[in-house]
Amino acid sequence: MNSENRFQFFPALIGGLGHHYTSKRRVLGRDHLWKNKFSCSFWSDSSLFKCLNLLTSAYYSRTKTNWRAHMDIGEDATLMADSGGFQCATIGAKLDPLEILKWQEVNANIAFTLDIPPVNLEQKAVGPVSTTKLVWMSDAEFNVALEKTYQNNIVFEKNRTNKNLKIYNCLHGTSEDKFDRWFNRVKDFEFEGWAYGCKPVGDPLVQSMGLSRLYHRGIRDRVHLLGVGGINVLPVLIYCTKYFTNLTVDSSSYGQGYLTKKYLIPDDLTDSISFGRLRDPDEKHYSQYDSLPCMCPVCSEVEHLEILAQPGSIGGALIALHNLYSIVSFVDELKMMNERELLDYISENCPQRATEAVKFFDISVSQGHEKAMQTYRDYFSQEFVESRQLELF
């Protein structure tokens, strides 16, 4: 496949990594490291291992002007900076596009424009519990979000000064009509790449459809898919690098290790061991094990299992780092496969929908996007579409 340099995975930074040890150094001192030598990060010389790609959001990180230096992120790392547009849409954050751009120019290698995603956050009370979910905006609201994004793009284009920063134009729209509407409005800006959010992020066929839309509009280089990192989607996207260059994705899924203390089993990333409270009687619990089923750079430093189960943040941070190392290793293995090996892997290890996603994209390339959509229309049943609030056709 020769996808080694055509596909890159960007871990989205979570609050328990780096922040806990690095951002508090001003208080705790530079020697506050786990075992007095390891930082709970994955990008610095003191990390247990190094992954030199990472994504952060300007919404959370802009409190420090030179956040990159504050977090000890070296020049060898590639920092991708989201703009915070999601927070504008969902929690009503008020962000100045010029302020965001200037922060990105100081800190990032790749930056997203300040887009306003066409979603709202809906709260629903079920007894004493309040839940939230994303819902798509009405058609009128969609147009407002698009126009705000367009105006923000103007600010980015007119005021950029860092020639080394690659700026990505953001696209939205689930239906063909709305995608076209968004694309046609923003397509003439002179930015270096494109970012697209297509939901659900864990559905390989939907992601293949999203890439098909880009491909047939001539977008085949410097493409980023927002929040996509599922193990059944990644093989399909790596297959698609036969048609794309510089295809990137980001995901914070590894961070569940910090939040819930779920430890991914490296030989089967669909399975996990709980180091916290059991939520399912069928869950594996660390008390059933004598040792960790892994000797990665993180686990090899853990002398006993209780380290990961102890209260406080260190156990969760170490589990998250283990999970990240496992996912990055998985991606690296996929990237080293030739096309036949990759297709066999998808066929033998992924749901049928992943195999169909590959076929969808091949049909799209050879016969056109409309033909692929017609061929696979039945795979997007009315129940599927409605349950995910999609507008595909």
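**Focus: the sheet that holds strand E11 (residues 262–265)**
Taking strand neighbours across the sheet as the criterion, the 3 strands line up as E11-E12-E13 in an open arrangement whose pairing is mixed. The open sheet has two edge strands with one neighbour each: E11 and strand E13 (284–285). Here 2 bridges tie strand E12 (residues 268–274) to E13, and the two strands are oriented parallel to one another. Within E13, the position partnered with Ser 274 by the bridge is His 285. Along the sheet face, helix H13 (residues 313–336) touches E11 and E12 and points at about 25 degrees away from the line of E11.

**Regarding the confidence of the model for the chain**
Per-residue confidence for the chain gives a mean pLDDT of 89; residues scoring 70 or more make up 88%. Overall, residues 19–31 carries pLDDT values under 50, and its contacts beyond four positions in sequence, including any with other chains, amount to 27 contacts. pLDDT under 50 marks residues 389–393. Its contacts with residues more than four places away, or in other chains, come to 27 contacts.

**A short note on the side chain of Thr 248**
Within the secondary structure, Thr 248 is located in strand E10 (residues 245–251). A polar contact is formed between the side chain of Thr 248 and the side chain of His 224, at a distance of 2.7 Å.

**Some thoughts on the pattern of salt bridges**
All chains considered together, the criterion is met by 18 salt bridges. For Arg 213, the salt bridge identified is with Glu 176, shortest N-O distance 3.0 Å. With Arg 213 in helix H9 (residues 204–215) and Glu 176 in helix H8 (residues 176–186), this pair connects stretches of sequence that are 37 residues apart. Taking the relative accessible area as the measure of exposure, Arg 213 reaches 0% and is therefore buried. Lys 242 is the salt-bridge partner of Glu 339, the closest N and O atoms lying 3.2 Å from each other. Of this pair, Glu 339 sits in helix H14 (residues 339–349) while Lys 242 sits in the loop between helix H10 (234–239) and E10, and the two are 97 residues apart along the sequence.

**What about the sheet that holds strand E9 (residues 221–225)?**
Across the sheet, which stays open at both edges, the 8 strands sit in the order E1-E10-E9-E8-E7-E4-E3-E2 with parallel pairing between neighbours. With one partner strand each, in any of the chains shown, strand E1 (7–11) and strand E2 (53–57) form the two edges of the open sheet. Between one strand and the next, the sheet's axes are offset by a mean angle of 25 degrees, whatever the strand orientation. Note: strand E4 (residues 110–112) against strand E7 (residues 166–171), 3 bridges, orientation parallel. The partner of Ala 111 across the bridge, within E7, is Ile 167.

**A look at H13**
Here H13 spans 35 Å end to end across 24 residues, near enough to the 34 Å set by a 1.5 Å rise per residue. Burial analysis of H13 places 19 of its 24 residues in the buried class, the great majority of the element.

**A look at unusual backbone geometry**
Of the consecutive residues Lys 199 and Pro 200, the connecting peptide bond is found in the cis state with omega at 5 degrees. Here Pro 200 shows up in the loop between strand E8 (193–196) and H9. We note that Lys 261 has phi near 60 degrees; this positive angle belongs to a residue other than glycine. With respect to the helices and strands, Lys 261 occurs in the loop between helix H11 (256–260) and E11.

**Let's talk about the nonpolar core**
Ranked by size, the top nonpolar core spans 115 residues in total, and within it Phe 42, Leu 171 and Leu 211 carry the most contacts. Of the residues forming this core, the biggest block, 12 residues, is contributed by H13. Setting aside residues no more than four positions away along its own chain, Phe 42 makes contact with Pro 11, Leu 13, Leu 17, Ser 47, Phe 49, Lys 50, Cys 51, Asn 53, Leu 54, Tyr 254, Leu 321 and Leu 324. Counting 10 residues, the second-largest nonpolar core is a separate cluster that includes Leu 55, Ile 110, Phe 112 and Leu 226.

**Side note on the pairing of E7**
With 5 of 6 residues buried, E7 is to be regarded as a mostly interior element. Here E7 pairs with E8 via 4 bridges, running parallel. The partner of Leu 171 across the bridge, within E8, is Tyr 196. Note that the unit made of E7, H8 and E8 has a crossover that is right-handed.

**Considerations on the environment of Arg 160**
Position of Arg 160 relative to the elements: it lies in the loop between helix H7 (139–159) and E7. Overall, the relative accessible area of 21% leaves Arg 160 in the partly exposed class. Sequence separation of Arg 160 and Leu 101 is 59 residues, and the distance between their C-alpha atoms is 7.3 Å. Once residues within four sequence positions are removed from consideration, Arg 160 is found in contact with Leu 101, Glu 105, Leu 165, Ile 167, Glu 190, Phe 191 and Glu 192. Within the structure, the side chain of Arg 160 is placed 2.9 Å from the backbone oxygen of Leu 165, a separation counted as a polar contact. A distance of 3.0 Å separates polar atoms of two side chains, one belonging to Arg 160 and the other to Glu 192.

**So, H14**
Every buried residue of H14 is accounted for by Leu 342, Leu 343 and Ile 346. End-on, the buried residues of H14 take up no more than an arc of 95 degrees, which puts them together on one face. Relative to its buried face, H14 has exposed residues pointing more than 90 degrees away, namely Arg 340 and Glu 348. Contacts made by the buried residues of H14 are with H10, H13 and helix H15 (352–367). Two or three places before Arg 340, at the opening of H14, Asn 338 has a side-chain oxygen 3.1 Å from that residue's backbone nitrogen.

Cut-off values and rules
Sequence positions are assigned chain by chain, starting from 1 and proceeding in written order. Local features in this predicted model are restricted to residues of pLDDT 70 or higher, and side-chain atom pairs are both shown and tallied only at a pLDDT of 80 or more, whereas totals for entire chains, interfaces and linings draw on every residue. The side-chain values count all of the structure's non-hydrogen atoms but skip hydrogen atoms and water molecules. Each pair of strands is called paired provided DSSP finds at least two bridges between the two strands. Helix and strand definitions follow DSSP, with helices as H or I runs of at least four residues and strands as E runs of at least two, each counted in order from the N terminus. Here a residue-residue contact requires only that any non-hydrogen atoms of the pair lie within 4.5 Å. Note on geometry: axes are lines fitted to C-alpha atoms, helical ones only across the stretch in contact, with angles between N-to-C directions running from 0 to 180 degrees. For every residue, the predictor states its confidence as a pLDDT score lying anywhere from 0 to 100. Under this definition, polar contacts are N or O atom pairs within 3.5 Å; protein pairs additionally need one hydrogen-donor-capable and one acceptor-capable atom, and for neighbouring residues in sequence, both atoms have to be side-chain atoms. One side-chain nitrogen of Lys or Arg within 4 Å of one carboxyl oxygen of Asp or Glu is enough to make a salt bridge. Burial status follows relative accessibility: with a 1.4 Å probe on protein chains alone, a residue under 20% of its type maximum counts as buried, one over 50% as exposed, and anything between as partly exposed. Each helix should span, by expectation, one fewer than its residue count multiplied by 1.5 Å. By nonpolar core we mean a set of buried residues, namely Ala, Val, Leu, Ile, Met, Phe, Trp, Tyr and Cys, connected to one another through side-chain atoms within 4.5 Å. Convention used here: a crossover is right-handed provided that the path from the first strand, over the helix, to the second strand proceeds clockwise when the strands point away from the viewer. To be clear, the arc concerns the directions from the helix axis to the C-beta atoms.

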